[in-house]
Amino acid sequence: MASPKYWWGVAKKCFTVGLISLTVSDRCGSITPISGQSMSPTFNPEHSTFKDYVLVEKFCLMKCNFSHGDVIVFSSPSNHKEKHVKRIIAMPGDWLSTSDSYDTVKIPQGHCWVEGDNPASSADSRSYGPIPLGLAQGRVTHILWPPQRIGKVEKVVPEHRLSMTTRQTTS
Amino acid sequence: MWASKLCQWQWRSIAKEALDRTITVAKFLSLFHITDTYIFSPTIVYGPSMLPTLNVRGDVLLIDKLSHRFGNLGLGDIVIVQSPSNPRRILTKRVLGMEGDVVSYNAHTGFVKTLVVPKGHVWIQGDNLYASNDSRHFGAVPYGLIQGKAFCRIWPFAEIGFLGSV
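Residues numbered from 1 in each chain as written. Chains lettered and ligands numbered in written order. Predicted model: local features only at pLDDT ≥ 70, side-chain atom pairs only at ≥ 80, totals over all residues.

An unreviewed UniProt entry lists chain B under the name Mitochondrial inner membrane protease subunit 1, with Spinacia oleracea given as the organism. Under the Function (unreviewed entry) heading, UniProt states for chain B: "Catalyzes the removal of transit peptides required for the targeting of proteins from the mitochondrial matrix, across the inner membrane, into the inter-membrane space." Here chain B is described in UniProt, under the heading Subcellular location (unreviewed entry), as follows: "Mitochondrion inner membrane". (UniProt positions renumbered as here; feature names shortened; annotations may be inferred.)

Going by what an unreviewed UniProt entry lists, chain A is known as Mitochondrial inner membrane protease subunit 2 and is assigned to Spinacia oleracea.

Spelled out as C-alpha cells, the structure:
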C-alpha cells in the first residue's frame, strides 16, 4: 500500500515535468497536429486518414528572422484563439501580384503575406490582407507523423509573383 | 576488484548528484519563465505618448499577462502591444474600442473619421493625442498582438500604486 509520502513525491515529479516541458515548448519547439486541408498537399494530402503531426520551432521568434517560403504558425487576426498554419509568400517591402486578380500589392513594414498551399480551400491573406509579423507563433520545420512522410518541410518561393527589382534589394 | 567496485559506486553517485543539480536549475529557470510569460512581469516603458498618465523618462510597470488570455480586457485598460509595423517594438497604449465598437477620431487630414472596429481587433490610442503613434495611423490592431495589461506602477517610488482604468 502506497503511503501519502509516496504520492506527494509523484505529484512533485509531475509538477517538475510539467514546468520544464511547458518552458521547452514555449522556448524551443513543440509538436502540433494539423487539421484542415488548407496546406494540402504539404500537410494532410487527400488520401491520408490520420492528421499530420509537425515540429514547430520557436527559436526564430526571438529575432523575428523569417524568410520567404517558410511555413509559419500564427494566431488568426480575426480570432486570437485560433492558430493557422500558412506559408509566407512575401516579406516587408516586396511588391506582390495577387494570384486571382492582376493587382500588385506592396507589403507594409512589419507585415507579411501568407497563403495556404491549397488555394481552393484556404482563408488567408487573399481575404484579410497582410498580417503583422508579431502574430507569428513559430515556424514549422519537420513532419513527424505519418512515418512515410517524415522529413523536412521544403521552402517554396513563388519567384514569378514577386517583382524582381525588390527581390534584389531585399535579399 | 574491491577498488573497482568502489570507483563504480562513486561514479554513480556523482552522476546522480549532477542530474539532481541540473534538474533543480532547470526547474528554477522554468518557474521564472512561466511567471514571466503567464502571470506577471516588470517592464520599463518610456516615451511621450502616454503623458500625463506615465512619465516621459520611464516608469517600471507590472504587467498582468494572464487576463488578456481569457478575454478579460475592457475599455480604458492600459495594454502592452507589439507594434504592427515592427514586431520587436513594444508600445504602451490605452484600449479605446473593442471589436464591434464605433470609433470616431481626428485623422491627420483634420477630418473626423468614424469606423467600426473589425472582428478580433482592438482600437488603441495614447493619452497624449499630439505625440502618439497609434491606431489613428495604423488602424485597429489584432487582439493577438496584445502582450499584457499594465496594472501597477512600482517605480518611481513617489508615484507607486495601481493604475486605474479611465
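Additional details are given in the paragraphs that follow.
Overview of the UniProt feature "active site" (unreviewed entry) in chain A
All names here are of chain A. Those residues carrying the UniProt feature "active site" (unreviewed entry) are S38 and K86 in this numbering. For this annotated set, covering 49 residues, all C-alpha atoms fall within 8.0 Å of each other, a compact arrangement in space. In this fold, S38 is placed in the loop between β1 (29–34) and β2 (52–57). Excluding residues that lie within four positions of it along the chain, S38 makes contacts with G116, N118, S121 and S122. Relative to the elements of secondary structure, K86 occurs in strand β4 (residues 79–90). Since 24 C-beta atoms lie within 10 Å of it, K86 is described here as buried. When near neighbours in sequence (up to four residues on either side) are disregarded, K86 contacts I72, V114, E115, G116 and D124. (Helix = DSSP H or I, 4+ residues; strand = E, 2+ residues; numbered from the N terminus. Contact = placed C-beta atoms within 7 Å. Buried ≥ 20, exposed ≤ 12 C-beta atoms within 10 Å, placed from the backbone.)

Here's the deal with the UniProt feature "domain: Peptidase S26" (unreviewed entry) in chain B
Residues and elements named next belong to chain B. UniProt records the feature "domain: Peptidase S26" (unreviewed entry) for residues 29–108 and 114–155 in the present numbering. In the segment residues 29–108, helix accounts for 14% and strand for 38%; the C-alpha atoms at its two ends are 47 Å apart. Helix and strand shares over residues 114–155 are 10% and 48% respectively, and the end C-alpha atoms of the span are 38 Å apart.

Things to note about the pairing of strand β2 (residues 59–64) of chain B
Sheet topology note: the strand β1 (residues 40–45) of chain B/β2 of chain B ladder contains 6 bridges and is antiparallel. Looking at β2 of chain B, one finds that P42 of chain B is bridged to L62 of chain B. (Pairing = 2+ DSSP bridges.)

Comments concerning the interface of chain A and chain B
Between chain A and chain B, the residue contacts involve 20 residues of the former and 21 residues of the latter. With 7 residues, helix α1 (residues 4–27) of chain A is the largest single contributor of residues to the side of chain A that touches chain B. Residues belonging to the side of chain A that touches chain B are distributed by class as follows: 9 nonpolar, 9 polar and 2 charged. (Nonpolar A, V, L, I, M, F, W, Y, C, P; charged D, E, K, R; others polar.)

Brief notes about the confidence of the model for chain B
Mean pLDDT over chain B: 89, with 98% of residues reaching 70 or higher. Across the whole predicted complex the pTM is 0.85, and at the interface the ipTM reaches 0.82. (pLDDT = per-residue confidence, 0-100.)

Quick notes on the UniProt feature "domain: Peptidase S26" (unreviewed entry) in chain A
Residue and element names in this part refer to chain A. Within this structure's numbering, the places UniProt gives as "domain: Peptidase S26" (unreviewed entry) are residues 10–97 and 104–145. In the segment residues 10–97, helix accounts for 25% and strand for 38%; the C-alpha atoms at its two ends are 58 Å apart. When the span residues 104–145 is considered, its composition is 10% helix and 48% strand, and the gap between its end C-alpha atoms is 38 Å.

Some words on the environment of Q125 of chain B
All names here are of chain B. Its location among the elements puts Q125 in strand β7 (residues 121–125). Note: C-alpha distance between Q125 and V45 (80 residues apart in sequence) is 15 Å. Other than its neighbours up to four places away in sequence, Q125 contacts K93, R94, L96, S132, D134, S135 and R136.

Describing α1 of chain A
Since one α-helical turn is 3.6 residues long, residues separated by three or four positions face the same way. Between its terminal C-alpha atoms α1 of chain A stretches 35 Å, which fits the 34 Å expected from 24 residues at 1.5 Å a residue. The buried fraction of α1 of chain A is low, at 0 of 24 residues. (Expected span 1.5 Å × (residues − 1).)

Considerations on the environment of G148 of chain B
Residues and elements named next belong to chain B. Its place among the elements puts G148 in strand β9 (residues 146–155). Along the sequence, G148 and E17 sit 131 residues apart, while their C-alpha atoms lie 40 Å from each other. Once you skip the residues sitting within four places of it in the chain, G148 turns out to touch I63, D64, K65, H68 and I80.

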